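# Coordinate analysis (summary)
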Amino acid sequence: MDYKNLLEVILTNLDEGIIVVDKNANVTFFNEPATEIAGLDPNKALGKNILELFPDLTEETSTFYNVLKTKKPLIDYVQTYTNIKGKKVTIVTSTMPIIQNGELIGAVEIYRDITNLKDLAEKIVSLQKELYKKSKNPEKYSGNGTIYTIDDIIGKSKIIQELKNKALKVANSDSPIFIYGETGVGKELFVQAIHNASTKRCQKPFIAQNCAAIPKTLLESILFGISAGSFTGAKEKAGLFELANGGTLYLDEINSMDLELQAKLLRVLQDGFIRRVGGEKAFKVDVRITASSNEDPKTLIKKGTLRQDLFYRLHVISLYIPPLRERIEDIPLLIEYYLNYFNKKLNKNIKGISDDAMNIFINYHWPGNVRELKSVIESIVNFTENNIIKIEDIPEYIKNITFPEENGISLNFENPVNIESLKEMVENFEKKIILLALQKSNGNLTSASKMLKIPKQTLHNKIKKYNIKKKIDYT
């Protein structure tokens, strides 16, 4: 294999550019990607000083000169400049010294275009500024960036009632909050409800940012802002912390945040001061920080995606929102709520749901939780010609979830069992799940209890309670 030609093919098709300079910052190798970020002819660039190629740069602002002077790498550095063709571009660069036999002989830089991402980041901050000023839903919108209050949390289950009570208790506290639960359970609903229940902060901004939606190279500047001169072409800009001053900053999917940035967030939690990217001046901010994740924080710490010290600081107030399948008594209320909502929105008049259809909803496991239930009801309201929801209206993927018939109970959702009371419905569902866990664990009690996340003795008691006759391994 001709490795030289292979290397040339790889370099030619990279989205990144590569520049190598000698110890005097003269170009010895230049590979420009097809996107022409720098706008230069690589052949004409060879032998020229880096400052000749990039007139906007000086020895003080050039990443090459910085690295050649300090002999230390400069990773993920963002800069904006006008290239030789007059096009304004924003790039992220990683520049590293080249050391040979202990002597500095040059530097190499890898760069890629993030102009579109930078524009997106600026739009995000700009839109966040307008969000709590303008209302698209006058009936509910409180003008602070939220649409939900404590009354929008629907459910009569014990756990939901307890969570609502806790939310009201901590609403006027300044302590940080950590909320976790599966996707679609309503984490932001609770965060907004807490903000609006606060007499101190309800009139102040509520700013939400999903940490997984923004590249790590830009998230810091979005949160903390930018100081003029922090990189070439930088202008003074406030970040979300300053924007949320006096109110609440909600950081969703906190585990997607870079660990180094998590450390900076920890400092803000500890002393309340922020420093813009590239700036020296520290700003005091009054912001209540709330964070959330879709996974158990202990799991995230083990994975290394959540700093343990940050979790301890956020864990002052911790709320776990259970999945919908663990609070099925809330399903009828949620169906009623969303039926009324979509009847009004779509100008329909569906009056309710049949018992058989309700039984299917109760027995379905709802992996998408309340968000999935809402979407299913919206879909049904759009298509049904009945005045109540019937089995025929329910999406096939929900009706076709089946379990084997065992222990004298039908587990097929296409032919649901008529049940007279909610208590029986809950017990029937619990028995089905236990049977499924035992089936998947080949009857091993220890494995089944771990799968169900309940103590082994609790599972043993439930097996006796439901008189489950299945070969069970009690080891």
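Residues numbered from 1 in each chain as written. Predicted model: local features only at pLDDT ≥ 70, side-chain atom pairs only at ≥ 80, totals over all residues. Heavy atoms only, no water.

With that settled, consider the side chain of Thr 384. Note on placement: Thr 384 falls in the loop between helix H15 (369-383) and strand E14 (388-389). At 2.9 Å, the side chain of Thr 384 forms a polar contact with the side chain of Asp 393. Apart from residues no more than four positions distant in its own chain, Thr 384 is found in contact with Lys 348, Ile 350 and Asp 393. (Helix = DSSP H or I, 4+ residues; strand = E, 2+ residues; numbered from the N terminus. Polar contact = N/O pair within 3.5 Å; in protein donor to acceptor, adjacent residues only side chain to side chain. Contact = heavy atoms within 4.5 Å.)

Our next topic: the confidence of the model for the chain. This prediction gives the chain a mean pLDDT of 83; 82% of its residues lie at or above 70. Confidence drops under pLDDT 50 across residues 135-139; counting only partners more than four residues distant or on other chains, this segment forms three contacts. Note on residues 402-417: pLDDT under 50 across the span, and 39 contacts to partners over four residues away in sequence or across chains. (pLDDT = per-residue confidence, 0-100.)

Our next topic: the nonpolar core. Residues Leu 223 and Phe 241 are the most contacted members of the largest nonpolar core, which totals 33 residues. Core analysis: the second largest hydrophobic core is formed by 29 residues, Ile 328, Leu 339, Tyr 364 and Val 381 among them. (Core = buried A, V, L, I, M, F, W, Y, C linked by side-chain atoms within 4.5 Å. Buried < 20%, exposed > 50% of the residue type's maximum accessible area, 1.4 Å probe, protein only.)

This brings us to the sheet that holds strand E4 (residues 88-100). If you trace the five strands from one edge of the open sheet to the other, you get E2-E1-E5-E4-E3, paired in antiparallel fashion. If you trace the sheet from one side to the other, it starts and ends with strand E2 (27-31) and strand E3 (74-82), each paired once. When the angles between neighbouring strand axes are averaged without regard to direction, this sheet yields 25°. In terms of strand pairing, strand E1 (residues 17-22) meets E2 through four bridges, oriented antiparallel. In the strand pairing of E2, Ile 19 is matched with Phe 30. (Pairing = 2+ DSSP bridges. Axes fitted to C-alpha atoms, helices over the stretch in contact; angles between N-to-C directions.)

Strand order in the open sheet made by the five strands is E7-E8-E11-E6-E12, with parallel pairing throughout. Since the sheet does not close on itself, it has two edges, and those belong to strand E7 (206-210) and strand E12 (317-320), each with one partner. Ignoring which end each strand starts from, the neighbouring axes of this sheet average 15° apart. Bridge analysis of strand E6 (residues 177-180) against E12 gives four bridges, and the strand direction is parallel. Directly across from Phe 178, in E12, lies its bridge partner Ser 318.

What follows is about the pairing of strand E11 (residues 288-293). In terms of residue burial, E11 counts as a mostly covered element, since six of its six residues are buried. Every second residue of E11 is oriented toward a common face, with Arg 288, Thr 290 and Ser 292 on one face and Ile 289, Ala 291 and Ser 293 on the other, all of them buried. In this sheet, E11 lies alongside E6 in parallel orientation, the contact comprising four bridges. Looking at the pairing, Tyr 180 lines up with Ser 293 of E11. In this sheet, E11 lies alongside strand E8 (residues 248-252) in parallel orientation, the contact comprising four bridges. Bridge pairing in E11 places Thr 248 opposite Arg 288.

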